[in-house]
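The chain contents come next:
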Amino acid sequence: MGHEFANPELLVCALTHRSLAHELAQAEANHASVGDNERLEFLGDAVLNLVVAEALFALHPEWQEGELTRVRSGLVSRQHMAQVAEAVGLGRHLRLSRGEERSGLRNRSTVLSNTMEAVMGALFLDGGLEPVRAFVRSQVMGEAANRLALELSSGAALGNYKSALQERLQAARAGTPVYRVKSESGPDHHKRFLVEVRLKGEAGAQGKPLARGMGRTKKLAEQDAARRALERLANPGRVAAADAGSVIRANEEEPSAQ
């Protein structure tokens, strides 16, 4: 992490899951336990939000509150922090009870993200904000921050791709997107849906296809299809059979009725 702890017990505590703290307390009534990492997780969450907000504030003076909030939410999300934890190999240092070790808890994204926040809390208590800032710059921001900023600038609304696609098409007067399930596969407990998004046709006719997407649920597949459609509309040269780019350009070039 680029920081040598003056008080290593802080790091030990940050890596200690409550299951191990409980196991040790039961094994030895007088055991001098370092405790678990839940209090440090609480502190680390607040510190992480502060440092990421500070970085975004400095990097993007053109953004308003809503834009800063949406990108920060993506960077401090459980999913992203679990990815950061995996990137630095945090999982192998977790201190778990024997039972939770057998259950595979070490590799669960929720536990990894929570532990990463606890480590941020320990880092702050041991060295102040500067080592947290350094870690955030090197591991939390980077490509993820650039990707989220690109999604924001392209109108992808950081995950709400269906709304972004509808707004894009309406702004270009290209029509309305409609979604249709093309196929389902897999057993009931592990379904996969293939969804196609098209421009709404006239008088019952099928509109031009924009993209297809897949997901474990219909909603996720629709979001994936909308995301792919946005990518194609942003890069018209990549649109295959459905020349959605030409639809957008034609509508943009059409003289305004006003």
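Being a predicted model, the structure only gives us computed values, none of them experimental.

K.L.:
Would you mind going over the overall build of the chain with me for this structure?
P.N.:
Helices and strands together make up the secondary structure of the chain, namely 12 helices and 3 strands. Here the chain holds 258 residues, and the buried ones make up 39% of them. Sequence-distant contacts, at least 24 apart, represent 56% of the contacts inside the chain between residues at least 6 apart. Accessible surface, the chain: about 14,900 Å² in total, of which carbon and sulfur atoms supply 49%.

K.L.:
In this structure, what is going on with the nonpolar core? I would like to understand it.
P.N.:
Note on soluble globular proteins: their nonpolar side chains tend to be buried together. Formed by 42 residues in total, the largest nonpolar core has its most connected members in Val52, Leu75 and Met116. Elements with a minimum of two residues in this core: helix H1 (8–14), helix H3 (38–59), helix H4 (65–75), helix H5 (78–87), helix H7 (109–127), helix H8 (129–140) and helix H9 (142–153). Sort the elements by how many residues they give to this core and H7 lands first, with 8 residues. Residues contacting leucine 75, with those up to four places away along its chain left out, are Val52, Leu56, His80, Met81, Val140, Met141, Ala144, Ala145 and Leu148. Core analysis: the second largest hydrophobic core is formed by 15 residues, Ala164, Ala174, Leu210 and Leu233 among them.

K.L.:
Help me understand the environment of glycine 201 in this model?
P.N.:
Relative to the helices and strands, glycine 201 resides in the loop between strand S2 (192–199) and strand S3 (209–215). Along the chain, glycine 201 and valine 178 lie 23 residues apart, while their C-alpha atoms are 9.2 Å from each other. Discounting chain neighbours no more than four positions away, the residues touching glycine 201 are Gln206 and Gly207.

K.L.:
What is the right way to look at the side chain of asparagine 114 in this model?
P.N.:
Examined against the element boundaries, asparagine 114 turns out to sit in helix H7. For asparagine 114, a relative accessible area of 16% puts it in the buried group. When near neighbours in sequence (up to four residues on either side) are disregarded, asparagine 114 contacts Glu41 and Arg78.

K.L.:
Looking at this structure, how should I read the packing of H5 against H8?
P.N.:
Any two packed helices are characterised by the angle at which their axes cross and by the distance between the axes. Relative orientation of the contacting elements H5 and H8 amounts to 95°, with a least axis distance of 11 Å. Looking at the two axes, H5 sits roughly perpendicular to H8. Residues His80, Met81, Val84 and Ala87 of H5 touch H8, and the partners they reach there are Phe135, Gln139 and Val140. In terms of residue class, the contact of H5 with H8 is made up of 5 nonpolar, 2 polar and no charged.

K.L.:
How should I be thinking about the sheet that holds strand S1 (residues 177–185) in this particular structure?
P.N.:
Sheet strands pair via backbone hydrogen bonds, and the direction of the pair is either parallel or antiparallel. Reading across the sheet, the 3 strands line up as S1-S2-S3 and stay open at both edges, with antiparallel pairing between neighbours. Strands with a single pairing partner mark the edges of an open sheet, and in this sheet they are S1 and S3. Averaged over all neighbouring strand pairs, the angle between strand axes comes to 20°, with direction disregarded. Both S1 and S2 contribute to a ladder of 8 bridges, which runs antiparallel.

K.L.:
What should I look at first to understand unusual backbone geometry in this one?
P.N.:
Positioned with a positive phi, arginine 173 is a non-glycine residue whose angle comes to about 55°. Its location among the elements puts arginine 173 in the loop between helix H10 (161–171) and S1.

K.L.:
What am I meant to see in the side chain of serine 113 here?
P.N.:
With respect to the helices and strands, serine 113 occurs in helix H7. Note on serine 113: relative accessible area 1%, which makes it buried. Apart from residues lying up to four places away in sequence, serine 113 is in contact with Arg78, Met81 and Ala82.

K.L.:
Please clarify how the packing of aromatic side chains should be interpreted in this entry.
P.N.:
The geometry of two aromatic rings is summed up by the distance between their centres and the angle between their planes. All chains considered together, the criterion is met by 0 aromatic pairs. Over the aromatic face of tyrosine 179 sits the side chain of lysine 162, whose NZ or CZ is 4.8 Å from the ring centroid.

K.L.:
Before we go on, may I ask you to explain the environment of valine 12 in this structure?
P.N.:
Secondary-structure assignment places valine 12 in helix H1. Judged by relative accessible area, valine 12 falls into the partly exposed class, the value being 26%.

What counts and what doesn't
Residues numbered from 1 in each chain as written. Predicted model: local features only at pLDDT ≥ 70, side-chain atom pairs only at ≥ 80, totals over all residues. Heavy atoms only, no water. Helix = DSSP H or I, 4+ residues; strand = E, 2+ residues; numbered from the N terminus. Buried < 20%, exposed > 50% of the residue type's maximum accessible area, 1.4 Å probe, protein only. Contact = heavy atoms within 4.5 Å. Areas by Shrake-Rupley, 256 points an atom, 1.4 Å probe, with all protein chains shown as cover. Core = buried A, V, L, I, M, F, W, Y, C linked by side-chain atoms within 4.5 Å. Axes fitted to C-alpha atoms, helices over the stretch in contact; angles between N-to-C directions. Parallel < 35°, antiparallel > 145°, perpendicular 65-115°, else oblique. Nonpolar A, V, L, I, M, F, W, Y, C, P; charged D, E, K, R; others polar. Pairing = 2+ DSSP bridges. Phe/Tyr/Trp six-rings, centres within 6.5 Å; stacked < 30°, edge-to-face > 60°. Lys NZ or Arg CZ within 6 Å of the ring centre and 35° of its normal.

Treat this as a map of the structure, not an account of what it does.
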